[in-house]
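# Chain and residue survey
Chain by chain, the residues:
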Amino acid sequence: MYKILRRDDLVSNIHLFKFDAPMVARKAQAGQFVVLIIGEKGERIPLTIADWDRDEGSVTVVFMEAGKTTHELATLGTGDSVLGFSGPSGLATHVEKFGTVVCVAGGFAVATVVPIARALKVAGNRVISIMGARNKELLFWEDHLGAVSDRLIVTTDDGSYGRKGLVTEPLKEMLEGGEKVDRVIAVGPSVMMKFCSKTTEPFGVKTIVSLNPIMVDGTGMCGCCRVSVGGVTKFACVDGPDFDGHQVDWDLLLNRQRAYLEQEKESLERWECKCRSGEEV
Ligand code: FAD
Ligand code: FES
Ligand code: MG
């Protein structure tokens, strides 16, 4: 069992859990993920490693309540445990001295971009970060990302904080204004990563995205996380999750992510109903 050492509610539906997981902490690197299972009747869900402490033996994840499993996870607190917490899985984000790197993060992914931006800074890059959310209430860790960036731009869709608009707008302005950008790393919802890639493509700026297809085993055996990159089939759990955003078949990814929407809705409704009636879930 893996104990939750600390729970923090970052915003209403995004939570931070620090787990006691020394074996994972020992090898964790920026861009990798864990596969978590709450209990023996639960499903496996991948979550990106947001932080780790090798001395303490802890690994931190930040998750957004999306459906049944993440809602159930959000009912746990400090001192509770989960059955499985395996990893680190996937390839670490490639870090070297590129020059100027723009890190773009949307939603819960602000937490997962922080260790990437930190590693890029340590490698001697100039890091410009852009973080965005729908509104002010959904923003968190502006201070954390700011601390590992040379410049930070914050956007909200409704203009309730920072600059009004989408994260792609300052990115486009930067490129149109002739800012020398050597690489873009975009992490967040697939649509956001797709449009970041579309924004940088005409300027020929290499853009790395962290793909999040549905995963089951997370070890390259089930084929569930199949994506197409440059016309070649890849398994995101072992060949990624980072890929060249200009080469990704976004339509395939978006369609496959929606494959079980009906069942996912049903599963959440059944779980909520059981919770209301006090039945064992
Ligand atoms: P469901 O209702 O079952 O699903 C909601 C949506 O989430 C689905 O429509 C589908 O697109 C996606 N999803 C469902 N099951 C899976 C699955 N087994 N694997 C991947 N996606 C799924 N979310 C975070 O909040 N924080 C993270 O750090 C994070 N990191 C991720 C890293 C990777 C490599 C991947 C692939 C996904 C990551 N996700 C992360 C997404 C997270 O795994 C899903 O939100 C979660 O599995 C949804 O489960 P659910 O039962 O709550 O929702
Ligand atoms: Fe099964 Fe990647 S999740 S092959
Ligand atoms: Mg689910």
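Residues numbered from 1 in each chain as written. Chains lettered and ligands numbered in written order. Predicted model: local features only at pLDDT ≥ 70, side-chain atom pairs only at ≥ 80, totals over all residues. Heavy atoms only, no water.

## Topic: the sheet that holds strand 13 (residues 207-210)
Strand pairing within a sheet occurs via backbone hydrogen bonds; the two strands may be parallel or antiparallel. Pairing is mixed across the open sheet formed by 7 strands, whose spatial order is 11-10-9-8-12-13-16. Looking at strand neighbours, the two that pair on one side only are strand 11 (163-164) and strand 16 (242-244), the edges of this open sheet. (Pairing = 2+ DSSP bridges. Helix = DSSP H or I, 4+ residues; strand = E, 2+ residues; numbered from the N terminus.)

## Concerning the site of ligand 1
Every one of the 24 residues lining ligand 1 counts as a neighbour, but P46, M64, T70, M215 and E264 are closest to it. For ligand 1, an oxygen atom lies 3.0 Å from a polar atom in the backbone of T69. A distance of 2.8 Å separates a nitrogen atom of ligand 1 from a polar atom in the backbone of M215. Calculation on ligand 1 without its partners gives an accessible area of 850 Å², and the protein chains cover 88% of this total. Residue contributions to the shell around ligand 1 peak at 5 residues, all from strand 4 (residues 44-53). (Near = heavy atom within 4 Å. Polar contact = N/O pair within 3.5 Å; in protein donor to acceptor, adjacent residues only side chain to side chain. Areas by Shrake-Rupley, 256 points an atom, 1.4 Å probe, with all protein chains shown as cover.)

## Examining the pairing of strand 13
Burial along strand 13 is two-sided: the face carrying T207 and V209 and the face carrying I208 and S210 are both buried. Two strands pair when backbone bridges link them, and strand 12 (residues 183-187) and strand 13 are joined in this way by 3 bridges, in the parallel orientation. When the bridges of strand 13 are listed, V184 appears paired with T207. Taking the sense of rotation as the criterion, the β-α-β connection linking strand 12, helix 6 (residues 190-200) and strand 13 turns out right-handed. (Buried < 20%, exposed > 50% of the residue type's maximum accessible area, 1.4 Å probe, protein only. Right-handed = clockwise from strand over helix to strand, strands pointing away.)

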